[in-house]
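Examination of the molecular architecture
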Amino acid sequence: MGEKNIEYKSKQILEYYRSNRRTWDEFYPSERWVFQKIADEKGLLGDVLDVGCACGGLGAALSCKFPLNSYTGIDINKDAIDWASRETRLQIPTRFTAGDIVCCASKEEYDVVASLSCVDWNIKTKDIISACWERVRPGGYFVSSLRLTSEKGVNNIKKSFQYVNFSGEEEDPEVANYVVFNVKEAMSALSELDPAPTLIGAYGYWGSPSPTAVTLYDKLIFSVFYIKKGTEKPYPHEMAAELRLPLEAFL
Ligand SMILES: C[S@@+](CC[C@H](N)C(=O)[O-])C[C@H]1O[C@@H](n2cnc3c(N)ncnc32)[C@H](O)[C@@H]1O
């Protein structure tokens, strides 16, 4: 059992995401590169589930750029979902749910399950990853950003965390877990997903931790993974890797 995921309550999630990360250009180069790659391969992104969608900015950004059949967002922060539900920019079927993806009853499957800055921003990281993977349709992709290090990783909110209120000066501030994976451990955890992926790809580069984060590292690799599910059961045993990550991460 252990600890539960944090149900983020800070008003700052709504404050920040209702006016940031809402257009394609506001997403990181690594994020844009991965979605472009999937769209190039598949021709369209199809049905998209956004886990930790906040105010749904990714749906609006993707649908201006690529053909989508539908966009579904889930977020543990109710205020963000209430705001997102009033979104009018999307011209495709759209649905928003407030809740924790780990406890979500719907097991509907999607062509792309995206989770940007979410799996490594809460407590039950591996359960969030498994919940996302479970909802990927055969032949579809799980897209997730992960912070990487070549050193020992951390998943301990007492040692590595981020102020959710983005200033760090408020009394009794809410904090998020700031999980960092060792590169090889991340690869190993992803390769053990069930069913096993047929492809694990990643694009990432060195950067400095957010100024609102308190963590053990001076620099990290900010990466976005794209993990493909096989098209048929039994799923094939072969797994390919396409890693555009700094080489020193593996040394
Ligand atoms: C750092 S924000 C990123 C928002 C958005 N994905 C983006 O990249 O612009 C992380 C979001 O994930 C949500 N979240 C964290 N854990 C979650 C969980 N277990 N299920 C659903 N949402 C979660 C938080 O409430 C927050 O809105």
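To start, this report covers the structure provided alongside it.

How each quantity is defined
Residues numbered from 1 in each chain as written. Predicted model: local features only at pLDDT ≥ 70, side-chain atom pairs only at ≥ 80, totals over all residues. Helix = DSSP H or I, 4+ residues; strand = E, 2+ residues; numbered from the N terminus. Rg over C-alpha atoms; globule rule 2.2 N^0.38 Å. Buried ≥ 20, exposed ≤ 12 C-beta atoms within 10 Å, placed from the backbone. Contact = placed C-beta atoms within 7 Å. Near = placed C-beta within 6 Å. Nonpolar A, V, L, I, M, F, W, Y, C, P; charged D, E, K, R; others polar. Core = buried A, V, L, I, M, F, W, Y, C linked by C-beta atoms within 7 Å. Pairing = 2+ DSSP bridges. Expected span 1.5 Å × (residues − 1). Arc of directions from axis to C-beta.

1. A word on the overall build of the chain
Of regular secondary structure, the chain possesses six helices and twelve strands. Relative to the globule expectation of 18 Å for 251 residues, the C-alpha radius of gyration of the chain, 17 Å, shows essentially globular dimensions. Counting only C-alpha atoms, the chain reaches 55 × 50 × 40 Å along its principal axes. Taken over 251 residues, the chain has a buried fraction of 43%. By sequence separation, contacts in the chain at least 24 residues apart represent 70% of the contacts at least 6 residues apart.

2. Quick notes on the environment of Glu134
With respect to the helices and strands, Glu134 occurs in helix H5 (residues 125-134). For Glu134, a count of 15 C-beta atoms within 10 Å puts it in the partly exposed group. Taking the C-alpha atoms as reference, Glu134 lies 8.2 Å from Asp194; in sequence the two are 60 residues apart.

3. A word on unusual backbone geometry
A negative phi angle characterises most non-glycine residues, just as the trans form characterises most peptide bonds. Look at the link from Asp194 to Pro195: it is a cis peptide, with omega at 0°. Assignment of secondary structure puts Pro195 in the loop between helix H6 (183-191) and strand E9 (199-207). Not every positive phi belongs to a glycine, and Arg21 is a case in point at roughly 55°. A positive phi angle, near 50°, is found at Ser117, a position not held by glycine. For Ser117, the position within the fold is in the loop between strand E4 (110-115) and H5.

4. Observations concerning the site of the ligand
Lining the immediate surroundings of the ligand are 24 residues, of which Gly52, Asn77, Leu116, Ser117 and Asn122 lie closest. Going through the elements one at a time, helix H1 (11-17) and strand E2 (68-75) are the ones with two or more residues in the shell around the ligand. Tallied by class, residues from the shell around the ligand come to 15 nonpolar, six polar and three charged.

5. Some words on helix H3 (residues 57-65)
Within H3, seven of the nine residues are buried, which leaves the element mostly enclosed by the surrounding structure. Three or more residues of H3 are buried, namely Gly57, Leu58, Gly59, Ala60, Ala61, Leu62 and Ser63. Packing partners of the buried residues in H3 comprise H1, helix H2 (29-42), strand E1 (46-51), E2, strand E3 (94-98) and E4.

6. Topic: the nonpolar core
With 69 residues, the main nonpolar core has Val48, Val112 and Val113 as its most contacted residues. Ranked by residue count, the leading element in this core is strand E11 (residues 220-228), at seven residues. Once residues within four sequence positions are removed from consideration, Val113 is found in contact with Leu49, Val51, Cys132, Arg135, Val136 and Phe142.

7. Regarding the sheet that holds strand E6 (residues 161-163)
As summarised here, the arrangement of the three strands in space is E7-E6-E10, forming an open sheet in which the pairing is antiparallel. Looking at the sheet topology across the chains shown, the edges are occupied by strand E7 (175-177) and strand E10 (213-214). Of the strand pairs in this sheet, E6 and E10 are connected by two bridges, and their pairing is antiparallel. The residue bridging Phe161 from the neighbouring strand is Val214, located in E10.

8. Looking at H2
Given a rise of 1.5 Å per residue, 14 residues ought to cover 20 Å, and the 20 Å separating the end C-alpha atoms of H2 matches this to within 8%. Looking at H2, one finds that the buried residues are Ser30, Glu31, Val34, Phe35 and Ile38. Along the axis of H2, the buried residues cluster in a sector spanning 130°; they form a single face. Those residues of H2 that are exposed and angled more than 90 degrees off the buried face are Pro29 and Asp40. Buried-residue contacts for H2 involve H3, E4, strand E5 (136-149), E9 and E11. Directly after H2, the chain includes Gly43, whose backbone phi takes a positive value near 85°.

Function-wise, these values are silent; they only describe arrangement.
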